[in-house]
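These are the residues of each chain, in order.
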Amino acid sequence: MAAMSVAGVLTLGVTLVPHAGHAQPAVAAARGLPDFTDLVEQVGPAVVNIRTTERTRGAQRGASPEVDEEMQEFFRRFFGTPPGQMPGQRPDPRRQAPEEEQQRGVGSGFIFTADGYVMTNAHVVDGADEVYVTLTDKREFKAKLIGADKRTDVAVVKIEAAGLPSVKIGDVSKLKVGEWVMAIGSPFGLENSVTAGIVSAKGRDTGEFVPFIQTDVAINPGNSGGPLINLRGEVVGINSQILSRSGGFMGISFAIPMDEATRVADQLRAGGRVVRGRIGVQIGEVTKDVAESLGLGKASGALVRSVEAGGPADKAGVEAGDIIMRFDGKTVEKSSDLPRLVGSTKPGSKASLQVFRRGNSRDLGVTVAELEPEGGRRASVPESKPAPTPSVATGALGLMLVNLSDEQKRELKLRGGVRIESVEGAAARAGLREGDVILSVSNVEIADVKQFEAVIAKLDKSKPINVLFRRGEWAQYALIRTGK
């Protein structure tokens with residue numbers, strides 16, 4: 001469908017009175033407000049209402065319809081049988097009523113191919129036994145679920161029809177904050193309702209794989225799965241979520257960008273599921289304080305908090321505490337960028353990793369695996385007796401440390417490190433706890449208590465001391481400020 005610009009705008013004129021002696025323009029044109037009528041006519045026919053049902057078994061045949069709820073409860077409580085069935089009598093399969101369809105939910109969607117493929121939200125069709133699609137001309141079709149991806153909340157259904165009106169997909173990279181957008185959907189079952197607003201923000205991180213488009217377009221229950229449309233009549237997003245304390249619209253709504261939705265839809269049509277890559281790391285955000293203390297300059301990258309034993313990252317040489325700066329040549333600006341970059345990489349392919357470790361950058365090669373459901377055993381510090389000769393590191397930090405035993409190192413798969421026996425003062429204020437294992441201090445890897453004390457003795461105590469530590473299976477940074 002060809003793109004169409006807005007046919008008319010309302011232009012406001014303001015008459016200015018020039019200052020004496022200076023030539024000034026008499027009229028200043030103000031920016032116009034968009035007219036959405038042509039967009040509704042252009043895109044509206046491709047927007048559909050989606051109704052879902054579930055099958056439930058009706059009342060047993062032969063039971064008296066006059067039996068009220070109190071009598072039914074009496075039979076269930078004292079005889080353990082429904083009315084119409086004698087105590088001790090087995091239910092007769094021939095007396096069972098057939099399954100009945102009951103309304104389950106209502107949502108929205110849009111036709112993105114003329115032969116009947118419809119895109120919507122995964123939560124709209126989740127758990128449904130039947131899906132019905134109603135067009136604007138009131139034709140209703142029973143739809144087939146092609147596939148749904150809960151991670152991105154995208155689903156594709158198919159209706160048997162041809163020559164259908166379909167939408168045009170827009171370029172999300174050209175979408176600007178402040179740009180006018182429009183939504184069409186079925187809020188509270190009110191079909192083909194039109195609302196409009198502006199793009200409030202892009203790249204909102206409210207999901208692992210989706211950088212949402214935030215708008216102030218009125219979105220309510222039933223709008224889910226409907227299109228977000230720009231002024232060129234192109235679909236740029238799928239309306240998916242709202243931020244609300246009341247359950248209704250409060251001025252903040254989120255849409256799935258169409259570039260991501262299209263990638264998911266293509267995979268669902270091809271194989272009924274989405275295949276994503278994984279490298280086997282758990283990650284966290286890099287804070288400004290940590291970045292400065294490590295010498296990064298700015299807060300960027302993804303902090304590796306744990307590495308899956310035997311996983312792709314482990315085989316590539318990635319360690320807990322590393323900061324992944326680039327993946328396959330693409331910059332990781334924030335931690336949420338990494339799952340998207342890795343997830344969009346084909347499993348089995350090789351990719352490059354640039355990591356920042358103890359003050360230096362390293363390039364590693366990793367073979368991407370296929371993403372599987374989360375699971376695995378949580379690592380912990382063994383409860384075996386610590387190595388002898390506990391040592392008070394420094395009174396200024398408030399730490400008492402012991403060396404890790406060989407058994408603990410094998411269990412945790414560590415070369416070195418020191419375990420915190422007790423903590424108080426500055427270290428406690430920094431968030432360190434008894435049982436944590438300190439791995440490095442100020443970018444220096446720590447092998448034992450003696451080395452820890454030697455490193456601390458050389459540091460300027462007036463500046464924050466950067467400590468990489470492990471708690472259970474997680475590694476993270478803490479900044480100890482002694483205030484001296």
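Residues numbered from 1 in each chain as written. Predicted model: local features only at pLDDT ≥ 70, side-chain atom pairs only at ≥ 80, totals over all residues. Heavy atoms only, no water.

Colleague: Explanation requested: the side chain of threonine 345 in the structure shown.
Modeller: With respect to the helices and strands, threonine 345 occurs in the loop between helix H7 (337–343) and strand S23 (350–357). Within the structure, threonine 345 has its side chain in polar contact with the backbone oxygen of leucine 341 (distance 2.8 Å). When near neighbours in sequence (up to four residues on either side) are disregarded, threonine 345 contacts Arg276, Gly277, Phe327 and Val368. (Helix = DSSP H or I, 4+ residues; strand = E, 2+ residues; numbered from the N terminus. Polar contact = N/O pair within 3.5 Å; in protein donor to acceptor, adjacent residues only side chain to side chain. Contact = heavy atoms within 4.5 Å.)

Colleague: Explain the side chain of asparagine 49 to me, please; I cannot follow it from the model alone.
Modeller: Along the chain, asparagine 49 turns up in strand S5 (residues 47–57). A relative accessible area of 7% means that asparagine 49 is categorised as buried. Within the structure, asparagine 49 has its side chain in polar contact with the side chain of serine 186 (distance 3.1 Å). (Buried < 20%, exposed > 50% of the residue type's maximum accessible area, 1.4 Å probe, protein only.)

Colleague: Which parts of the structure should I look at to understand the confidence of the model for the protein?
Modeller: Where the model shows low pLDDT, its predicted coordinates should not be examined in detail. Averaged over all residues, the pLDDT of the protein is 81; the fraction at 70 or higher stands at 79%. Low pLDDT (under 50) marks residues 373–393, which in the prediction has 39 contacts with non-local residues, meaning those over four places away or in another chain. (pLDDT = per-residue confidence, 0-100.)

Colleague: Even after reading the chapter, I still don't get the nonpolar core, so can you show me in this structure?
Modeller: Across soluble globular proteins, nonpolar side chains show a tendency to be buried alongside one another. Counting residues in hydrophobic clusters, the biggest one holds 38 residues, and the most contacted among them are Phe110, Phe112, Met119, Ile238 and Met258. The residues touching methionine 119, leaving out its near neighbours within four places in the chain, are Gly109, Phe110, Phe112, Val154, Ala155, Gly225, Ile238, Met258, Ala261 and Ala265. Membership of the second largest hydrophobic core comes to 20 residues, among which are Ile420, Ile456, Val467 and Ile480. (Core = buried A, V, L, I, M, F, W, Y, C linked by side-chain atoms within 4.5 Å.)

Colleague: Sorry, what's going on with the pairing of strand S15 (residues 227–230) here?
Modeller: In regular strands, side chains alternate between the two faces of the sheet. Burial of S15 is two-sided: the residues Pro227 and Ile229 facing one way and the residues Leu228 and Asn230 facing the other way are all buried. Relative to S15, strand S12 (residues 180–185) runs antiparallel, the two sharing 3 bridges. When the sheet's bridge partners are listed, valine 181 is paired in S15 with asparagine 230. As paired elements, S15 and strand S16 (residues 234–242) share 3 bridges and run antiparallel to each other. When the sheet's bridge partners are listed, isoleucine 229 is paired in S16 with valine 235. As consecutive antiparallel partners, S15 and S16 are separated by 3 residues, and within that stretch glycine 233 has a phi angle of approximately 80°, a positive value. (Pairing = 2+ DSSP bridges.)

Colleague: Would you explain helix H4 (residues 258–271) in this entry?
Modeller: Each turn of an α-helix holds 3.6 residues, which means side chains three or four residues apart point in the same direction. In a regular helix each residue adds 1.5 Å, so 14 residues correspond to 20 Å; H4 covers 20 Å between its end C-alpha atoms and thus fits that length. For H4, every residue scored as buried is listed here: Met258, Glu260, Ala261, Val264, Ala265 and Leu268. Buried residues of H4, seen end-on, are gathered within an arc of 150° and therefore sit on one face of the element. For H4, exposure combined with an orientation more than 90 degrees from the buried face picks out Ala270 and Gly271. Once H4 ends, the next one or two residues include glycine 272, with phi positive near 80°. (Expected span 1.5 Å × (residues − 1). Arc of directions from axis to C-beta.)

Colleague: Any chance you could explain unusual backbone geometry here in plain terms?
Modeller: Glycine aside, negative phi is the norm for most residues, and most peptide bonds take the trans geometry. Unlike most non-glycine residues, lysine 413 shows phi in positive territory, near 60°. Secondary-structure assignment places lysine 413 in the loop between helix H8 (406–412) and strand S28 (418–423). Its identity is not glycine, yet serine 442 carries a phi of approximately 50°, on the positive side. Tracing the chain through its elements places serine 442 in the loop between strand S29 (437–441) and strand S30 (444–445).

Colleague: What's the story with the layout of surface pockets in this structure? I'm lost.
Modeller: It is a probe the size of a water molecule, rolled over the atoms, that shows where empty space is left. Approximately 360 Å³ is the volume found for the second largest pocket. Phe209, Glu260, Arg263, Arg340 and Ser344 are, among the 21 residues lining the second largest pocket, the residues nearest its centre. The element contributing the most residues to the lining of the second largest pocket is H4, with 5 residues. (1 Å grid on protein atoms, 1.4 Å probe; cavity = no way out; pocket = protein on both sides within 12 Å on 5 of 7 lines; lining within 4 Å. Points joined across faces, edges and corners; volume = space filled by probe spheres on them.)

Colleague: What should I look at first to understand the packing of aromatic side chains in this one?
Modeller: The geometry of an aromatic ring pair is captured by the separation of the ring centres together with the interplanar angle, meaning the angle of the planes. For the coordinates displayed, the defined rule picks out 3 aromatic pairs. Here arginine 51 stacks its cationic end above the ring of tyrosine 132, 4.5 Å away from the centre of that ring. (Phe/Tyr/Trp six-rings, centres within 6.5 Å; stacked < 30°, edge-to-face > 60°. Lys NZ or Arg CZ within 6 Å of the ring centre and 35° of its normal.)

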